[in-house]
Amino acid sequence: MIRPTQVPMREQDPKARVHNFEEVPFGYTPEEAVSEAERCLQCKRAPCIQGCPVNINIPKFIREIREGNFRAAIRTIKETNNLPAICGRVCPQETQCQAVCTLGKKYEPVAIGRLERFVADWEYEHGVELPEVGKPTGFRVAVVGSGPAGLTCAADLRRFGHAVTIFEALHEPGGVLMYGIPEFRLPKKIVRAEIENLLRMGVELRCNVVVGRTVTIDELFAQGYHAVFVGSGAGLPKFLGIPGENLIGIYSANEFLTRVNLMRAYLFPEYDTPIKIGKVVAVVGGGNVAMDAARTALRLGAERVVVLYRRTEAEMPARREEIHHAKEEGVEFEFLVNPVRFLDSSGRVSGVECIRMELGDPDESGRRRPIPIPGSNFVIPVDMVIVAIGNDPHPLVPRTTPGLATTKHGTVVADEDGRTSREGVFAGGDIVTGAATVISAMGAGKRAARAIHQYLLTKYGHAPVQGA
Amino acid sequence: MHLIRKKRVLGPNLVELEVEAPLIAAKAQPGQFVIIRLHEKGERIPLTLADWDKDRGTITLVAQMVGKTTHQLGLEYDEGDVIADVVGPLGNPSEIKFYGTVVCVGGGVGIAPIFPIARALKGAGNTVIGIVGARTKDLLFWLDRMEKVCHELHVTTDDGSFGQKGVVTEPLREILRTRKVEHIWAIGPAIMMKFATLTAQEFAVPITVSLNTIMVDGTGMCGGCRAEVQGESKFACVDGPEFDGTKVNWDLLLARLSTYKEEEKCALERYLAQVAEAARR
Ligand SMILES: Cc1cc2nc3c(=O)[nH]c(=O)nc-3n(C[C@H](O)[C@H](O)[C@H](O)COP(=O)(O)OP(=O)(O)OC[C@H]3O[C@@H](n4cnc5c(N)ncnc54)[C@H](O)[C@@H]3O)c2cc1C
Ligand SMILES: Cc1cc2nc3c(=O)[nH]c(=O)nc-3n(C[C@H](O)[C@H](O)[C@H](O)COP(=O)(O)OP(=O)(O)OC[C@H]3O[C@@H](n4cnc5c(N)ncnc54)[C@H](O)[C@@H]3O)c2cc1C
Ligand code: SF4
Ligand code: SF4
Ligand code: FES
């Protein structure tokens, strides 16, 4: 008999956790993991594998968990996924591997993400095995950005034996994993450990180097790099373009989260970076970023946090689990509303005027288009606003790399394997797709590493040509 | 880790530092800046590249001690110490070309960033008129350097302790009234740049200013440095820091600079108390 429901994951009590930054779910015990693993049907055609962007052999690693062979399970996962402890926590499993799970047709799907997290955490406790580094090829590859795309590409290039240098603009590596996603969802020690592993594999990391400013891609080639991977991610937060959006107290989610996560503003004044927290905070948007901002504001002491979203809950792009967590913690939601203007009290934001919306016909994305209802305006008094309506691509690399084709949205044009319009320059992750997911950025990094490897071998044969 | 090669006190609450940063020195251009973070718990603050030496691999920064971070830099960091992070050069370079006659106005610590711009403009064949000003004589610095890169130099102090008594807009107005000027650069406190802009507008002379907004990353990621320019939100770190002064919403800029007033005061008082405590022991 198969249990219809997943083994639940124990979590911190919502009342307690809104006062701390510790991780919310505790993770499975070995017994819980084995018990959940027993639910898997071991399907022959395993649709779950196709549902995973990096095609982890899911039935195999679940079978290994069932047999209590956790070491084998983590090895199976790591054949295709370099960052399982991270993906197990932040992957939108419910729309990927678990969405197509056979068991999910009748019952709850297998908790693939939780099992992945379990074995990754198990490995940390019992000793991490580093992937084998290939024989030195003599080729040097530069990787721009240390988000999931850059980290994955760098690791795989090392496996092929290439020398790799990562250039990162900030003082700490990790990209969004470090400055965006909060501690209570992704403990930073996990990200640091992954980066530590990369360094042990011989990847060179240079922080505080802004490619396009400190050094350009053309100069990297002139310095002897044979290929470049651009994983510079999404930057440039979007704003609403409505009156009052530059008032004091209005933050982009990126700024708010960066101050808190990267600069530790929640420890001000012990740490030097300040943050202003309002009593009543409006968060504009409906994605993971909005949920992270809302839950962070609560933890920093806001009395009320209200998420303003212009469609309904069903259309929210955030992961279900995060919406659920946010609600449990007391985040309020106003659906079908859109801000039209911010109110000003001597330079500071004092309210947000909204208009009610209704859903009309579906737009290009297939979601029903929100339409304002004339005359339905109303004001919510707030003293802080966090705008989380998305980011445009990081502008510096495209602006400073002649011949690198971009789309009208500013993303870099690249094929499935990351080849751009410039020979020897590859790209992947959010800089190519626009804001997406950790696992898709990782997948892009992996494919690009393979393409770079092929490119180097085809172009130079087996030994690099000096000065080429 | 960036070694401080040299440190010099320029005046009350004013320090000049020569810092090792070969990559930045090799790329620096007038108008650009760096972001520094002193230590693990430090804030990231922007400082303009006041000078650089490719051969020595160093950059020169001038900092006015206004809050916790700049006080710590001025009081605790000496020759031989290291600054944890220095990143740059950031921002777009000044548009250096032949204009004809140009005026370069530096107010207060703004004298430092205006210096390399004046030097480059002179190098491009312009007739460079310099105007520098400060509240009082002790706060003036680099007059010798400015003299070398300007065809003529006007100096003002608010209290008349040196040069002409008054503010920098007075000689600026005088010059605009009597001479044909093609372009003005003005760098200093926001309020000074605002009034320099109003003066330039009276005479319909184009003016470039450098916005000292609050920044975090300096790479176009956070949006904290936004300013309203011609009714649009612009990011000073990637779209600027230089803008056409006539298009800047100055009141908003001034308001945004006061965002963390209370926190900054608290941090500075706490820090100065710690310094006093350490001195007593
Ligand atoms: C708050 C938040 C929550 C999210 N939650 C989830 C989630 O739950 N699940 C999920 O799957 N995805 C989530 N995402 C999206 C996911 O994090 C991104 O899709 C992913 O990180 C993209 O990876 P990347 O490697 O392309 O870029 P990034 O992670 O953005 O990394 C890019 C790196 O490049 C550096 N860089 C940029 N320009 C330069 C330059 N010129 N020179 C040198 N370095 C440069 C940046 O500083 C950065 O470190 C979230 C995003 C945010 C912001
Ligand atoms: C492009 C640019 C170039 C600059 N160049 C110089 C320079 O060459 N010399 C110099 O002395 N100053 C310069 N500044 C200003 C300098 O960055 C601030 O004085 C410094 O950040 C203050 O830090 P603090 O902790 O000592 O003071 P705080 O107590 O934090 O702040 C004092 C005041 O400084 C401003 N400020 C605070 N934090 C920041 C921040 N992160 N970024 C920018 N401004 C901030 C605010 O207006 C604040 O009211 C520049 C600013 C910009 C944006
Ligand atoms: S990486 Fe993501 S999509 Fe793939 S199996 Fe793991 S949780 Fe599922
Ligand atoms: S689809 Fe579901 S039940 Fe089938 S193998 Fe994959 S995880 Fe197991
Ligand atoms: S400082 Fe963050 S975008 Fe300019």
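Residues numbered from 1 in each chain as written. Chains lettered and ligands numbered in written order. Predicted model: local features only at pLDDT ≥ 70, side-chain atom pairs only at ≥ 80, totals over all residues. Heavy atoms only, no water.

(A) A look at helix 14 (residues 320-329) of chain A. All names here are of chain A. Taken residue by residue, helix 14 has Glu 322, Ile 323, His 325, Ala 326 and Glu 329 as its buried positions. Each buried residue of helix 14 sits inside an arc of 160° when the element is viewed along its axis, so together they form one side. Next to the buried residues of helix 14 lie helix 1 (14-17), helix 13 (288-299) and strand 9 (332-335). Taken from the residues just after helix 14, Gly 330 is the one with a positive phi, measuring 105°. (Buried < 20%, exposed > 50% of the residue type's maximum accessible area, 1.4 Å probe, protein only. Helix = DSSP H or I, 4+ residues; strand = E, 2+ residues; numbered from the N terminus. Arc of directions from axis to C-beta. Contact = heavy atoms within 4.5 Å.)

(B) Representation of the site of ligand 2 in the model. Residues and elements named next belong to chain B. Close contacts around ligand 2 come from 23 residues, with Pro 46, Thr 48, Val 62, Gln 64 and Thr 70 the closest. One of the side-chain N or O atoms of Thr 48 is found 2.8 Å from a nitrogen atom in ligand 2. Val 62 is positioned with one of its backbone polar atoms (N or O) 2.8 Å from a nitrogen atom of ligand 2. Out of a free accessible area of 850 Å², ligand 2 has 88% covered by protein chains. (Near = heavy atom within 4 Å. Polar contact = N/O pair within 3.5 Å; in protein donor to acceptor, adjacent residues only side chain to side chain. Areas by Shrake-Rupley, 256 points an atom, 1.4 Å probe, with all protein chains shown as cover.)

(C) Representation of the interface of chain A and chain B in the model. Listed by partner, the interface residues are 42 residues for chain A and 48 residues for chain B. Between chain A and chain B lies a buried interface of about 3900 Å² when both sides are counted; carbon and sulfur atoms form 53% of it. On the chain A side of the interface with chain B, the three residues burying the most area are Arg213(A), Asn246(A) and Asp272(A), jointly 21% of the side's total. Across the pair Lys276(A) and Glu263(B) runs a salt bridge, and its minimum N-O distance is 2.8 Å. Listing elements by their share of the side of chain A that touches chain B, those giving two or more residues are strand 5 (234-237), strand 6 (250-252), helix 12 (253-262) and helix 15 (396-400) of chain A. Across the side of chain A that touches chain B, the residue classes tally to 20 nonpolar, eleven polar and eleven charged. (Buried area = accessible area lost by both parts, 1.4 Å probe. Salt bridge = Lys/Arg side-chain N within 4 Å of Asp/Glu carboxyl O. Nonpolar A, V, L, I, M, F, W, Y, C, P; charged D, E, K, R; others polar.)

(D) The arrangement of the sheet that holds strand 17 (residues 242-244) of chain B in detail. Residues and elements named next belong to chain B. With respect to topology, seven strands assemble into an open sheet ordered 12-11-10-9-13-14-17, the strand pairing being mixed. Edge positions in the sheet fall to strand 12 (164-165) and strand 17, since each has one partner strand and no second. Where strand 10 (residues 127-134) and strand 11 (residues 152-157) come together, six bridges link them in parallel fashion. Considered in strand 11, the bridge of Gly 133 is made with Thr 156. (Pairing = 2+ DSSP bridges.)

(E) Molecular detail of the domain arrangement of chain B. Residues and elements named next belong to chain B. The assigned domain composition of chain B is domain 1 (2-90) and domain 2 (101-257). Each partner contributes residues to the interface: domain 1 has 22 residues there, and domain 2 has 21 residues. Surface buried jointly by domain 1 and domain 2 totals about 1700 Å² across both partners, of which 65% is contributed by carbon and sulfur atoms. Linking domain 1 with domain 2 are two salt bridges, by the criterion used here. (Domains from an automatic or database assignment.)

(F) Quick look at helix 5 (residues 70-78) of chain A. All names here are of chain A. Taking burial as the measure, the nine residues of helix 5 include eight buried ones, the bulk of the element. Among all positions of helix 5, only Phe 70, Arg 71, Ala 72, Ala 73, Ile 74, Thr 76, Ile 77 and Lys 78 are buried. For helix 5, the elements touching its buried residues are helix 2 (30-37), helix 4 (58-66), helix 6 (84-90), helix 7 (112-126) and helix 8 (148-159).

(G) A look at the confidence of the model for chain B. Residue and element names in this part refer to chain B. Summing up the model confidence of chain B, the mean pLDDT is 93 and the portion of residues at 70 or higher is 100%. In the model of chain B, helix 9 (residues 261-280) stands out as the element of lowest mean pLDDT, 88, in contrast to strand 3 (residues 33-37), which has the highest, 97. For this predicted complex, the interface confidence comes out at an ipTM of 0.93, alongside a pTM of 0.93. (pLDDT = per-residue confidence, 0-100.)

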